[in-house]
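Take a look at the letters that make up each chain.
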Amino acid sequence: MPKEPDAARRSERSRRAILAATEEICRENGYGRLTIEAIATRARVGKMTIYRWWPSKGAIVLDLLDQTANVAADPPDSGDLAADLHALLAEVISILTPPFTSPAIGLIAEALHDADLANDLRERLIRPRIATFKQRIRRAQDAGELPADADLDVALDLLYGPLYHRMALHLGMPDPDYLDTLIAHVLRALASTNAGPPPARGRRGGPAQATPGLR
């Protein structure tokens with residue numbers, strides 16, 4: 001007797017085809033021109049098959065990015081913190097490039113107008129990867145590569161902030177040499193955190209002056 005079709009295998013094949021079609025269409029035409037109809041046609045599945053798993057194109061792209069950003073999901077620990085950070089940032093750059101057809105940039109833009117999508121993006125994709133980033137930094141602290149009092153949130157903003165700044169203002173992504181320079185400056189800044197906070201500044205940029213009669 002002929003074997004019955006394996007429903008689980010067929011479903012997984014369809015899921016992979018849908019994700020591949022989504023990425024192809026985004027890379028060809030941009031997120032704005034991505035539609036469920038176009039995905040279904042490219043993947044050779046019915047629209048109802050797609051809606052069975054995802055409520056919107058944004059949800060599909062979120063799943064696509066979740067499986068693509070695997071370096072950030074499991075950061076390297078080679079013993080060379082600068083090299084490991086370079087690998088993490090290089091993955092972000094590859095995901096955000098080229099800007100006009102990047103699925104990630106399209107999803108970020110849509111999430112600005114969709115609170116539910118923004119929540120899913122933050123909770124499913126961003127927060128877990130922030131947690132793994134901090135784990136890598138803590139291991140560097142344990143190994144003596146960074147001071148124990150280095151602020152992990154500041155480290156995150158100093159390293160990733162420039163990439164999203166350059167993305168938002170269309171300044172272009174940094175090349176590998178610039179990335180190495182950025183990482184070196186950030187690590188140098190974090191290494192100096194045990195020197196204490198800078199003095200408070202006055203309104204005109206000078207040190208803040210004590211007010212007579214107040215302590």
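Structural data are supplied above this passage.
(A) Focus on the overall build of the protein. A count of helical and extended segments in the protein gives ten helices and zero strands. Counting from the amino terminus, helix and strand elements in the protein follow one another as α-α-α-α-α-α-α-α-α-α. A fraction of 62% describes how many contacts in the protein between residues 6 or more apart in sequence connect residues 24 or more apart. When the accessible surface of the protein is totalled, it reaches about 13300 Å², and 55% of it is carbon and sulfur.

(B) Up close: the side chain of Arg129. On the secondary structure map, Arg129 appears in helix α8 (residues 115-142). Residues within four places of Arg129 in sequence aside, it is in contact with Leu65, Asp66, Ala69, Ala72, Ala73 and Arg124.

(C) Up close: the pattern of salt bridges. Enumeration according to the criterion identifies 14 salt bridges in this entry. Of the charged contacts, one joins Lys47 and Glu37 as a salt bridge, the two residues approaching to 3.4 Å between their closest N and O atoms. In this pair, Lys47 is assigned in helix α3 (residues 47-53) and Glu37 in helix α2 (residues 36-43), connecting sequence segments ten residues apart. For Lys47, a relative accessible area of 38% corresponds to the partly exposed category. A residue is classified by how much of its surface remains accessible, and Glu37, at 42% relative accessible area, is partly exposed. Close ionic contact of Asp63 with Arg124 constitutes a salt bridge, the shortest N to O distance being 2.5 Å. One end of the pair, Asp63, is in helix α4 (residues 57-68); the other, Arg124, is in helix α8, with 61 residues separating them in the sequence. A residue is classified by how much of its surface remains accessible, and Asp63, at 19% relative accessible area, is buried. Via salt bridges that share partners, Asp63, Asp66, Arg124 and Arg129 belong to a single interconnected network.

(D) Region of interest: the nonpolar core. Ranked by size, the top nonpolar core spans 55 residues in total, and within it Ile50, Leu85 and Phe133 carry the most contacts. For this core, the secondary-structure elements that each account for two or more residues are α1 (7-29), α2, α4, α6 (81-95), α7 (103-111), α8, α9 (152-168) and α10 (176-191). The residues contacting Phe133, other than those within four sequence positions of it, are Pro75, Leu85, Leu88, Leu152, Ala155, Leu156, Leu159 and Tyr160.

(E) Looking closely at the packing of aromatic side chains. Tallied over the entire structure, the rule returns two aromatic pairs. Ring geometry for Trp53 versus Trp54: centroids 5.7 Å apart, planes at 85 degrees, classification edge-to-face. Residue classification places Trp53 among the partly exposed residues on the basis of a relative accessible area of 31%. Centre to centre, the rings of Phe133 and Tyr160 are 5.6 Å apart; their planes meet at 80 degrees, and the pair counts as edge-to-face. Highlighted residues: Phe133 in helix α8 and Tyr160 in helix α9, separated in sequence by 27 residues. Residue Phe133 shares its accessibility class with Tyr160, and that shared class is buried.

What counts, and where the lines are drawn
Residues numbered from 1 in each chain as written. Predicted model: local features only at pLDDT ≥ 70, side-chain atom pairs only at ≥ 80, totals over all residues. Heavy atoms only, no water. Helix = DSSP H or I, 4+ residues; strand = E, 2+ residues; numbered from the N terminus. Contact = heavy atoms within 4.5 Å. Areas by Shrake-Rupley, 256 points an atom, 1.4 Å probe, with all protein chains shown as cover. Salt bridge = Lys/Arg side-chain N within 4 Å of Asp/Glu carboxyl O. Buried < 20%, exposed > 50% of the residue type's maximum accessible area, 1.4 Å probe, protein only. Core = buried A, V, L, I, M, F, W, Y, C linked by side-chain atoms within 4.5 Å. Phe/Tyr/Trp six-rings, centres within 6.5 Å; stacked < 30°, edge-to-face > 60°.

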